[in-house]
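Listed below, chain by chain, are the residues.
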Amino acid sequence: MYDMKALYEAKSVQDAVALRLAYPQAQIIAGGSDVLVQMREGKRAGVELISIFGLDELRGVTLEEDGTLRIGSLTSFSHITKDPLIQKYINVLGQAVDQVGGPQIRNIGTIGGNTCNGVTSADSASTLHAYEAIVELTGPDGVRREPIEEFYIKAGTVDIRPGEIQTAILIPRESYENTYGHYIKYAMRSAMDIATLGTSVNLRLSADKRYVERARIAFGVAGPVPLRARTAEAAANGQLLTEELAERFAQAVREDIQPRDSWRAAKDFRMHIAVESAKRAFLEAAKLAGGVL
């Protein structure tokens, strides 16, 4: 069923780095929810695999001394959804990854695999962009960190350099503190489907809950890679929280996104649902933040 040339099992992060250098053509495999399917379809016949599944140090969610949320790259979707730190500080990420596939996929699929695929439809990607996540990579030169927007290069391609593996996703404290978010996945089916469009919004309101102190919005499948709609963010920052602001915010996303035609949806339809979902997610985030409209 699985045509592979060799399987190498990493014993530690540094061992994984060494294996990556020794076998540069080998494919990293963690949960296997993507790689094994591709192999079964014959797309990776004769592949060499480097398994990092046994590296428990890359699992779990922790809070670092400076308040940064650290999500190990091998943390499964189901563990992210149920994690107390995620639920307390960035519940919208748990909400987003809980819409990936079905229970079996969520139990085995990892946040690292979801981001390293480089696909714009990844359910975690828009929320991670909206929260200005930082990707941690470990390689022969040590640890490297870069903003997730720079990690995504083009469709299906991310910035993983020779010998590197992704070891964590980091959410800075200033990105999640006192913020409340909402994610909307639009798909052709209500479950077990790839997103036609994914929209993630988070808001930080003023102490009196009347003004938008900071707004963030990011999309999946609105361009070749996940992207922020900065024009919409600028339109809302510092403004009085009203229904009219929600509408202006939503219309402003037109300036930044580049949806495409595909068999799943026409470009114009994607633009329509982007505007509508931006407004709905904005209003729900405002409600979660305690805002009164």
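Our subject is the structure that appears above.
Note on numbering: residues in each chain are counted from 1, in written sequence order. Only residues with pLDDT of at least 70 get local features here, since the model is predicted, and only at 80 or more are side-chain atom pairs given and counted; chain-wide, interface and lining totals rely on the full set of residues. No hydrogens and no water enter the side-chain calculation; it runs on all heavy atoms of the structure.

A. Structural context of the overall build of the chain. Helix numbers and strand numbers start at the N terminus; a helix is a DSSP run of H or I with at least 4 residues, a strand a run of E with at least 2. Looking only at helices and strands, the chain has 13 helices and 14 strands in total. Each radius of gyration is computed over the set of C-alpha atoms, and the globule rule expresses the reference value as 2.2 Å times the number of residues to the power 0.38. What you see for the chain is a C-alpha radius of gyration of 19 Å, in line with the 19 Å of a compact globule of 293 residues. Projected onto the principal axes, the alpha-carbon positions of the chain cover approximately 60 × 45 × 30 Å. Sorting the 293 residues of the chain into buried and exposed places 52% on the buried side. Note on contacts: a residue pair qualifies if any of its non-hydrogen atoms lie within 4.5 Å across the two residues. Long-range contacts, defined here as pairs at least 24 residues apart, represent 63% of the contacts in the chain between residues at least 6 apart. Buried residues are those whose accessible area, probed at 1.4 Å on protein chains only, stays under 20% of the maximum for their type, while exposed residues exceed 50% and partly exposed ones sit between those limits.

B. Expanded view of the packing of aromatic side chains. Pairing of aromatic rings covers Phe, Tyr and the six-membered ring of Trp, with a centre-to-centre limit of 6.5 Å; geometry is then stacked below 30 degrees between planes, edge-to-face above 60, and tilted otherwise. Taken as a whole and assessed by the stated rule, the structure comprises 5 aromatic pairs. Centroid distance Phe-151 to Tyr-152: 6.0 Å. Interplanar angle 85 degrees. Geometry classified as edge-to-face. For the pair formed by Phe-151 and Tyr-152, the shared burial category is buried. Over a ring means this: the NZ of a Lys or the CZ of an Arg is within 6 Å of the ring centre and within 35 degrees of the ring normal. Between Arg-59 and the ring centre of Phe-53, over which it is positioned, the NZ or CZ distance is 4.7 Å.

C. Layout of the nonpolar core. The biggest cluster of nonpolar side chains holds 31 residues, and the ones touching the most others in it are Leu-203, Val-212, Ile-217, Phe-219, Phe-249, Val-253 and Phe-282. Breaking this core down by element, the ones donating at least two residues are strand E12 (197–205), strand E13 (212–220), helix H11 (230–236), helix H12 (243–252) and helix H13 (267–288). Element by element, the count of residues in this core is highest for H13, at 9 residues. In this description, a nonpolar core means a group of buried Ala, Val, Leu, Ile, Met, Phe, Trp, Tyr and Cys residues linked to one another through side-chain atoms lying within 4.5 Å.

D. View of the sheet that holds strand E14 (residues 227–228). Two strands qualify as a pair provided DSSP detects at least 2 bridges between them. If you trace the 4 strands from one edge of the open sheet to the other, you get E11-E12-E13-E14, paired in antiparallel fashion. The open sheet has two edge strands, strand E11 (180–186) and E14, and neither has a second partner. Pairing geometry for E13 and E14, over 2 bridges, is antiparallel. When the sheet's bridge partners are listed, Phe-219 is paired in E14 with Leu-227.

What is shown is where atoms sit, not what they do.
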